[in-house]
Amino acid sequence: MKFISTRGGSSVDCSAQAIVKGLADDGGLFVPETFPDLSNRISDMLSMDYAERASTVIGSYLQEYDQAKLLSACKSAYSRFTNDDGATLVKLDDNTYVLELFHGPTLAFKDVALTLLPYLLREGADITGLKEEILILVATSGDTGKAALEGFKNAKGIKICVFYPTGGVSDMQKRQMSTQEGDNVNVVSVKGNFDDCQTAVKKIFSDKAIQSLLKEKGVVFSSANSINFGRLVPQITYYFSAYCDLVNGNQIKLGDKVDFCVPTGNFGNILAGYYAKKMGLPIGKLVCASNENNVLTEFFETGTYDANREFYKTTSPSMDILISSNLERLVFELSDRNAELTKNRMNQLKNLGTYSVTEDEKKRLLTEFVAGYCDQQDCEETILDVFDEYGYVSDTHTAVALNVAFGYGVGNGGFKNPMVVLSTASPYKFPQSVYKSLTGKYVSDAFKSAEKLYQLTAEEIPEQILKLKEKPVRFEKVVDKNGILDSVKEFLGC
Ligand SMILES: *Cc1c(COP(=O)(O)O)cnc(C)c1O
């Protein structure tokens, strides 16, 4: 399948190239030339396990990959999840469900894609005849970094370097990254916020001087951020899988519509839902939930994206983002794939921090999306309310989505379609915030608060958290944002 850039300046003939390159040469994002139609395959998918559903969805785009090998890679990736299931559906009440995506190795939904991406990249390199070593640069707001490190550790022919904002991640997230094992990994803390990290990494990708320096060393860049199509495509699976589970559990009939509410940061997760809809999955509304960094809520309400605003550090750090990279893919579709217009808008975003879509585009947007946000106070109250009402313990990101979903329901006199709220992290990644929400007490030590949270809720502490305490810290380097390029060079020994 051919992939084209959202900015019109380049295209590649196969999915493997799109995945290996990560970002298009013109700075745009790769999108499939057409969306495969899986509406007639949903009934087949009902009887499949998660890995089989994944290889069906992923294989419909990655046609150049050997489909039998893809299936076995999916089986191996999702065997690292509890019950071999990338997405566990939990019922809260007759119309509300939580889709738990965090039962993988690093306890965040990023694992759904990052347990598989090393295979997609390695195989993609073979398909395209790439001989060079691959260097993955990752900017992370917390969860991507750890999931990518864990996915790529000791991968043959691949090195990985992760940048996270100092003070912008939770204690548990920081500890997970700084104790990372593997001889091909590097972790650097950056004085700045996530947007600083992401902007610096994107700049390195399109820096011609560093590219030729790398070429001499036999190294090429790739990306494990959700700008890479290989990150996005495994995420489409769980929308289909949740739908199948609802049908199998007699909660809906095949063909009924379902709404999804997604805690959103870089717009990768919810975009995967939009792609699922384009592929024929009966989705009603996609509800985009943000925290106080509510640039997306405003975009959906006004048609203007304006990143010129105060940045808030919140208790849901993985959503503390003002420049949502994947929105570019949505804006591209919204303009009927007008690459020239998309390029101009992205230039405006880069130069002025803002751009607008037309009134007509905005109207069409609101036929598919709804947006809302939730501040930290409401997030805390939601964690408590949901625990009181359903006995369900949610992390801070999931609570933002639950709050927005409930608000949407109230605004409409109840849910019209069943509502599936995506749960993106284990509460034990943010134990201080969750424990404080439930008791009003703040316990500053992450492990102590995890223990207290367990005593209060009887929700098992995942083994990954228990083990973390014993692991030695391997990475302590802190740089300022202008030092990112140098730390990449140092890692490569140039
Ligand atoms: C990454 C992340 C998000 C945001 O997902 P996007 O794809 O960036 O919109 C939400 N919650 C958690 C826990 C995350 O790790």
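Residues numbered from 1 in each chain as written. Predicted model: local features only at pLDDT ≥ 70, side-chain atom pairs only at ≥ 80, totals over all residues. Heavy atoms only, no water.

Visitor: How would you explain the sheet that holds strand 3 (residues 30-32) if you had to name every residue and give the values?
Guide: As a general point, the strands of a sheet are linked pairwise by backbone hydrogen bonds and lie either parallel or antiparallel. Taken in spatial order, the three strands make up an open sheet running 2-1-3, and their pairing is antiparallel. The open sheet has two edge strands with one neighbour each: strand 2 (11-12) and strand 3. Bridge count for strand 1 (residues 3-5) against strand 2 is two bridges, and the pairing is antiparallel. Bridge pairing in strand 2 places isoleucine 4 opposite serine 11. (Pairing = 2+ DSSP bridges. Helix = DSSP H or I, 4+ residues; strand = E, 2+ residues; numbered from the N terminus.)

Visitor: If you had to explain the packing of aromatic side chains to someone new, which residues and values would you point to?
Guide: In this structure the tally under the stated criterion is 16 aromatic pairs. With centroids separated by 5.6 Å and ring planes inclined at 35°, the aromatic side chains of tyrosine 274 and phenylalanine 369 adopt a geometry described as tilted. In this pair, tyrosine 274 sits in helix 12 (residues 268-278) while phenylalanine 369 sits in strand 14 (residues 369-373), placing the two residues 95 residues apart along the sequence. Summarising the burial analysis for this pair, tyrosine 274 and phenylalanine 369 share the class buried. By way of ring pairs, the aromatic residues Phe267, Tyr274, Phe299, Phe300, Tyr305, Tyr355 and Phe369 are connected into one cluster. (Phe/Tyr/Trp six-rings, centres within 6.5 Å; stacked < 30°, edge-to-face > 60°. Buried < 20%, exposed > 50% of the residue type's maximum accessible area, 1.4 Å probe, protein only.)

Visitor: I'd like a description of the sheet that holds strand 5 (residues 96-100), backed by residues and values.
Guide: Here we have six strands laid out as an open sheet, ordered 4-5-15-10-11-14, and mixed in their pairing. In the strand order of this sheet, the two ends are held by strand 4 (88-93) and strand 14, each with one partner. Across the sheet, the mean angle from the axis of one strand to that of its neighbour is 25°, orientation sign disregarded. Here strand 5 pairs with strand 15 (residues 419-423) via five bridges, running parallel. (Axes fitted to C-alpha atoms, helices over the stretch in contact; angles between N-to-C directions.)

Visitor: Hey, could you go over the site of the ligand for me, with residue numbers and the actual values?
Guide: As a structural note, the neighbourhood of the ligand is formed by 15 residues, with Lys110, Asp143, Gly265, Asn266 and Asn269 the closest of them. One of the side-chain nitrogen or oxygen atoms of aspartate 143 is found 2.5 Å away from an oxygen atom of the ligand. Note that an oxygen atom of the ligand is positioned 2.7 Å from one of the backbone N or O atoms of glycine 265. Here the ligand has 380 Å² of accessible area as a free molecule, and 98% of this is covered by the chains. When its residues are assigned to classes, the shell around the ligand shows five nonpolar, eight polar and two charged. (Near = heavy atom within 4 Å. Polar contact = N/O pair within 3.5 Å; in protein donor to acceptor, adjacent residues only side chain to side chain. Areas by Shrake-Rupley, 256 points an atom, 1.4 Å probe, with all protein chains shown as cover. Nonpolar A, V, L, I, M, F, W, Y, C, P; charged D, E, K, R; others polar.)

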